[in-house]
Amino acid sequence: MPAKRLILFPQDKGGIGKSFVATLLHDYLVEAGVRVQAFDLDHANSTFYRLVPGAEFINTDVDADKLGVLDRIVHALPETDVVLVDNRASGGSKVLAYLDETRLPEMQAEYDCLIVFVVIATDDKDANSQIAELLDSHGTRVRWLVARNLRGGDTLDLFGQSKTRKRLADLHAAEIEVPCLADVTRNRLQTANLTVGRGREANELHLLDRSRCGRFHELMKVQFDGARELLIP
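Residues numbered from 1 in each chain as written. Predicted model: local features only at pLDDT ≥ 70, side-chain atom pairs only at ≥ 80, totals over all residues. Heavy atoms only, no water.

Engineer: Help me out: how do you make sense of the packing of aromatic side chains in this one?
Structural biologist: The description of two aromatic rings rests on the distance between their centres and on the angle between their planes. Scanning all chains against the criterion turns up 4 aromatic pairs. Ring centres of Tyr28 and Phe224 lie 5.2 Å apart, and the angle between their planes is 35°; on these two criteria the pair is classed as tilted. Here the residue Tyr28 occupies a position in helix α1 (residues 18-31), and Phe224 occupies one in helix α11 (residues 207-225), the gap between them amounting to 196 residues. Of the two residues, Tyr28 and Phe224, both sit in the buried class. Ring centres of Phe117 and Trp144 lie 5.4 Å apart, and the angle between their planes is 80°; this geometry places the pair in the edge-to-face category. With Phe117 in strand β5 (residues 113-121) and Trp144 in strand β6 (residues 143-149), the pair connects residues that are 27 residues apart, well separated along the chain. Here the two residues Phe117 and Trp144 agree in accessibility, since each one is buried. The lysine or arginine in question, Arg186, covers the ring of Phe20, its NZ or CZ lying 4.2 Å from the ring centre. (Phe/Tyr/Trp six-rings, centres within 6.5 Å; stacked < 30°, edge-to-face > 60°. Helix = DSSP H or I, 4+ residues; strand = E, 2+ residues; numbered from the N terminus. Buried < 20%, exposed > 50% of the residue type's maximum accessible area, 1.4 Å probe, protein only. Lys NZ or Arg CZ within 6 Å of the ring centre and 35° of its normal.)

Engineer: Help me understand the environment of Val52, please; the structure alone is not making it clear to me.
Structural biologist: With respect to the element layout, Val52 can be found in the loop between α2 (47-51) and β3 (56-57). In sequence terms Val52 and Gly199 are 147 residues apart; their C-alpha atoms lie 12 Å from each other. Not counting chain neighbours up to four residues away, the residues in contact with Val52 comprise Thr23, His26 and Thr195. (Contact = heavy atoms within 4.5 Å.)

Engineer: Can you help me understand the nonpolar core in this one?
Structural biologist: What tends to happen in soluble globular proteins is that the nonpolar side chains get buried as a cluster. Core analysis: the biggest nonpolar cluster contains 42 residues, and Ile7, Phe9, Leu25, Leu29, Leu145 and Leu231 have the highest contact counts within it. Taken together, the elements giving at least two residues each to this core come down to α1, β2 (36-40), β4 (82-86), β5, β6, β7 (174-178), α11 and α12 (228-231). In terms of residue count, α1 provides more of this core than any other element does, 7 residues in total. If we ignore the near neighbours within four places in the chain, the residues touching Leu231 are Arg5, Ile7, Leu25, Leu29, Val82, Leu145 and Phe224. In this structure, Val95, Leu99, Phe117 and Ile131 belong to the second largest nonpolar core, which totals 34 residues. (Core = buried A, V, L, I, M, F, W, Y, C linked by side-chain atoms within 4.5 Å.)

Engineer: What is the right way to read the packing of helix α6 (residues 125-138) against helix α8 (residues 163-170) from this model?
Structural biologist: Two quantities define a packed helix pair, namely the angle between the axes and the distance from one axis to the other. The geometry of α6 relative to α8 is characterised by a closest axis approach of 9 Å and an angle of 40° between their N-to-C directions. Considered as vectors, α6 and α8 are oriented oblique to each other. Seen along the crossing, α6 lies across α8 with a hand that is left-handed. In this structure, α6 contributes Asn128, Ile131, Ala132, Leu135 and Asp136 to the contact, and α8 contributes Thr164, Arg167 and Leu168. Looking at the contact of α6 with α8 residue by residue, the classes come out as 4 nonpolar, 2 polar and 2 charged. (Axes fitted to C-alpha atoms, helices over the stretch in contact; angles between N-to-C directions. Parallel < 35°, antiparallel > 145°, perpendicular 65-115°, else oblique. Left-handed = near helix turned anticlockwise from the far one by under 90°. Nonpolar A, V, L, I, M, F, W, Y, C, P; charged D, E, K, R; others polar.)

Engineer: It is not clear to me how the environment of Gly197 should be interpreted in this structure. Could you clarify?
Structural biologist: Among the secondary structure elements, Gly197 is positioned in helix α10 (residues 196-199). Considered as a pair, Gly197 and Tyr28 are 169 residues apart in the sequence and their alpha carbons are 8.2 Å apart. Those residues in contact with Gly197 that lie beyond four places of it in its chain are Asp27 and His217.

Engineer: Any chance you could explain the sheet that holds β4 here in plain terms?
Structural biologist: Working definition: the strands of a sheet are paired by backbone hydrogen bonds and lie parallel or antiparallel to each other. Pairing within the open sheet is parallel, and its 7 strands lie in the order β3-β2-β4-β1-β5-β6-β7. Of all the strands in the sheet, the pair left with one neighbour each is β3 and β7. The pairing of strand β1 (residues 4-8) with β5 spans 5 bridges and is classified as parallel. Pairing of Leu8 across the sheet is with Phe117, part of β5. Lying over the sheet, α1 contacts β1, β2, β4, β5, β6 and β7, oriented at roughly 160° with respect to β4. (Pairing = 2+ DSSP bridges.)

Keep in mind these values describe shape, not function.
Printed below as a string of structure tokens:
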């Protein structure tokens, strides 16, 4: 397996949990002892940048000829084990254009890296349509991790019965579940600029919130462990 990972969240759809899953994955990788360089491309909200100390911000709200700003994510590969990139809503096309312009998926061997697309599965038709479009453009060019966001319930009937899920399965995509975390705790974490992992021992949070964070973190560790080979060099 390649010695490096470049993990991207390429969907355009906002509000589906990209930044939340990215912070959970960052917590997991750091706790596993992996060197991680994280980037946030969301100039509007910068949620990931606020929650993850050490993350770098890259403004991709630029013309097509200025996408060289994203070279920083490639330049970071020799310095670390995993480059983790949280995308912005409506910014996926810029990242995809950059991958095509640099031919990065075709040069993974030269960089000794594996490109992993993390896609968030919900019962939102637009979000699932975007996954289908990503499969059309990058199917076998990258590896896939599907994060099933169960914030709204225990099942995702629309996604579960979709052709998109079958296509992902045919590509041997890894699949994890992201369970529900109480909104009250999520809001307090946002207010305090804390990830779930850091929230476990944060004195500014109520004991109930710290307990919820501890349980949730343990659940996510089990999920990410199931995709460990894909995520950790």
